[in-house]
Amino acid sequence: MPLARSLSFTSLSGLEEWDEEFDREDAVLFEIAWEVANKVGGIYTVIQTKARLTCEEWGENYFLVGPYMESSVRTQVELIEPCNAALRRTIDKMNSSGCKVYFGRWLIEGSPYVILLDVGFTAWSLDRWKSELWENCGIGVPWFDREANDAVLFGFLTAWLLGEVFHFNFSLFYLIYFNVDKEAGDRQIYHRYCLERAAVRCAHVFTTVSQITAIEAEHLLKRKPDIVTPNGLNVKKFSAMHEFQNLHAQSKARIQEFVRGHFYGHLDFNLDKTVFLFIAGRYEFSNKGADIFLEALARLNYLLRVNHSDVTVIAFFIMPARTNNFNVETLKGQAVRKQLWDTAQTVKERFGKKLYESLLVGQLPDVSKMLDKEDFTMMKRAIFATQRQCLPPVCSHNMLEDSSDPILNCIRRIGLFNTAQDRVKVIFHPEFLSSTSPLLPMDYEEFVRGCHLGVFPSYYEPWGYTPAECTVMGIPSVSTNLSGFGCFMEEHIADPSAYGIYILDRRFRGVDESCNQLTSFLFQFCQQSRRQRIIQRNRTERLSDLLDWRYLGRYYVSARHMALAKAFPDKFIYEPQEPTSATGFRYPRPASVPPSPAHSLHSSPHHSEAEDEEEPYDEDLEAEKDRVNIRQPFNMPNRNKNQTVGLPEKN
């Protein structure tokens, strides 16, 4: 009897192709098996040989769960600290509750992460879990069946593990375990908490600025917000695209002048190949992400050096702290720069006068006589003035608490002292910017326009105006998925990084993983050519419509209409619009960016000279394609008395 032909890899006609792009960035895959790092039979080979392929697909988001067998672990597993913050908290909690959970890498091809559960150590829970199995499923397991008993222990431990991971991963789920009354009392702000909670309870309509704060409010203030009202800005649109690019060039030139003075005597790098990064805001070292930014800068410095990059990065920290005056060395640098400029102007005028007089009498000038001894003396004196015995200062001011300052202490630890070998330089400006400053006479908006990238890796941010301000000025920025702005942009943009919005994962990744991701963002940004940065700024600036009050103001209009309907139900009726896929803007991938997997971290192409010369780019054409593809905001009828209240039409 002939054998029927079985389905093979090339004839899976019964399986549909997976056409949709699946974003694995925020997804985690757990594969559970008794033979993970524990050879019993053929399943061990299946898991072991399949691991490399699965790791290629899921990367660091793939975890194998199996039993802890000491003899196997000694030879097959490298035990390490958990890479994921939620996993770390989960394992710590389970271990403190009477379990033994181990985390490591399985030393096979692909090196997948493994979570190993010690079933023997948790045998004290066997009777309780077997009773639960009987009560819920009507399945009894005899005491003498060791394999079945191990399966019960392993199954319940796995369920416990996954439940804890889910709780810690699910948004701000840790708030479930937060005793608000006790914590408020311990901090002596219980009266404030009561006032805020009472106001929330009594309001006809309760709004928050982002989904992050909405989750907080629901758990802490015990009321789910009626509407989320994102923060907007008054956006000034330029009639021509090149206008804001010109403003960037002008502001960048002013920052370069400051840098020339600050690094006098050590200006051994090309300012035309220098990238300006900055972080600004309240001085909250960890909350605003200054800690992870500094660590990423140290790693970036290493990458640029080992790759022999000719790019220099100057990172500004604009965070107000207690100071008593400007740093003398910093002021001296600006004075030396001005003196050099004045000397150059004087010599230029003298040279120009001699040239003019020579041409007047119809003679070509004798170049050897154009500069006399006095001119050379002036220039030599100016050159000697640039000699410097110390390194360029890291801080522009004298700090009152220098020895305990978090930023300065971190800089000392990572060793970024602005040496000639460092490709990353740091300038800590512990004062808000002002156009009247004798040091860096620029207001904040002008300074932002002159930078190349704003970096705001906040661990928590209800909204985040600083990256929003960067966006409307056409400056790319780094935000996080624990900020209102970052979550908002992820919701409205198909590929944020293509538009210069780099969203750092601080919700599902541990600190070290997030730092590596930020380092990758910065390194790839530094690899972009000038042309690629210009294209990216054009894309970033196009997102300004998304942050304009003319668009975001509709959420406040809706909130006011809802309040009227609740306060005066006999006069106003509010029928909320059901959310649809067409609600609000939805920016597609830019037309000039080729399709790539959704989990790709970067859509901006790497630097390529051939690309610069051969690829045509029409900004107006790309912008028009985006406008056609953008889904327009919803329209609702205008409000009249005794008429359904809805959202206004977009003007």
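Relevant structure appears above.
Residues numbered from 1 in each chain as written. Predicted model: local features only at pLDDT ≥ 70, side-chain atom pairs only at ≥ 80, totals over all residues. Heavy atoms only, no water.

(A) The arrangement of the overall build of the protein in detail. In terms of regular secondary structure, the protein is built from 22 helices and 17 strands. A buried classification covers 46% of the 651 residues belonging to the protein. Pairs at least 24 apart in sequence give 72% of the contacts found in the protein among residues at least 6 apart. As presented, the protein carries roughly 33900 Å² of accessible surface, and 54% of it is formed by carbon and sulfur atoms. (Helix = DSSP H or I, 4+ residues; strand = E, 2+ residues; numbered from the N terminus. Buried < 20%, exposed > 50% of the residue type's maximum accessible area, 1.4 Å probe, protein only. Contact = heavy atoms within 4.5 Å. Areas by Shrake-Rupley, 256 points an atom, 1.4 Å probe, with all protein chains shown as cover.)

(B) The arrangement of a nonpolar patch on the surface in detail. Residues Phe 351, Leu 355 and Leu 359 make up a contiguous nonpolar surface patch of roughly 240 Å² in combined accessible area. Summarising the element assignment, Leu 355 is placed in helix H11 (residues 328–360). (Patch = residues over 30% accessible without salt bridge, like charges linked within 9 Å, V, L, I, M, F, W, Y side chains within 5 Å. Salt bridge = Lys/Arg side-chain N within 4 Å of Asp/Glu carboxyl O.)

(C) Representation of the packing of helix H10 (residues 290–306) against helix H14 (residues 406–414) in the model. Running from N to C, H10 and H14 point in directions that differ by 25°, and their axes come no closer than 10 Å. One finds that H10 runs roughly parallel with respect to H14. The element H10 and its partner H14 pack so that their crossing is right-handed. Contact residues: Leu 294, Glu 295 and Ala 298 in H10; Ile 407, Cys 410, Ile 411, Arg 413 and Ile 414 in H14. Residue classes in the contact of H10 with H14 are distributed as six nonpolar, no polar and two charged. (Axes fitted to C-alpha atoms, helices over the stretch in contact; angles between N-to-C directions. Parallel < 35°, antiparallel > 145°, perpendicular 65-115°, else oblique. Left-handed = near helix turned anticlockwise from the far one by under 90°. Nonpolar A, V, L, I, M, F, W, Y, C, P; charged D, E, K, R; others polar.)

(D) Molecular detail of the sheet that holds strand E2 (residues 62–67). Taking strand neighbours across the sheet as the criterion, the five strands line up as E1-E2-E5-E4-E3 in an open arrangement whose pairing is mixed. Each edge of the open sheet carries a strand with a single partner, namely strand E1 (29–32) and strand E3 (77–79). Going from strand to strand, the sheet's axes swing by 35° on average, the running direction of each strand aside. Where E1 and E2 come together, four bridges link them in parallel fashion. Across the sheet, residue Leu 29 finds its bridge partner in E2, namely Tyr 62. Contacts from helix H1 (residues 42–58) reach E1, E2 and strand E4 (101–106) within the one sheet, and its direction differs from that of E2 by about 155°. (Pairing = 2+ DSSP bridges.)

(E) Region of interest: the pairing of strand E14 (residues 477–480). In E14, alternate side chains face the same way, and those of Ser 477 and Ser 479 on one face and Val 478 and Thr 480 on the other are all buried. Across two bridges, strand E13 (residues 453–455) lies against E14 in parallel orientation. Within the sheet, the bridge partner assigned to Val 455 lies in E14 and is Val 478. As a crossover connection, the stretch from E13 through helix H16 (residues 465–472) into E14 is right-handed. The pairing of E14 with strand E15 (residues 501–504) spans four bridges and is classified as parallel. (Right-handed = clockwise from strand over helix to strand, strands pointing away.)

(F) Region of interest: H16. Of the positions making up H16, those classed as buried are Pro 467, Ala 468, Cys 470, Thr 471 and Val 472. Among the residues trailing H16, Gly 474 stands out with phi positive, at a value near 80°.

(G) View of the environment of Leu 547. On the secondary structure map, Leu 547 appears in the loop between helix H19 (530–542) and helix H20 (549–567). With a relative accessible area of 1%, Leu 547 lands in the buried category. Excluding anything up to four places from it in sequence, Leu 547 contacts Gly 232, Leu 233, Val 235, Trp 463, Ala 468, Thr 471, Val 472, Phe 485, Phe 488, Met 489 and Leu 552.

(H) Here's a closer look at unusual backbone geometry. Here the phi dihedral of Gln 188 falls at roughly 60°; this positive angle occurs in a residue that is not glycine. Inspection of the secondary structure puts Gln 188 in the loop between helix H6 (180–186) and helix H7 (190–202). Although it is not a glycine, His 308 adopts a positive phi angle of roughly 50°. With respect to the helices and strands, His 308 occurs in the loop between H10 and strand E9 (312–318).

(I) Focus on the packing of aromatic side chains. Under the definition given, this model contains 24 aromatic pairs. Of the aromatic side chains, those joined through ring pairs into one cluster are Phe 258, Phe 276, Phe 278, Phe 316, Tyr 444, Phe 447 and Phe 456. (Phe/Tyr/Trp six-rings, centres within 6.5 Å; stacked < 30°, edge-to-face > 60°.)

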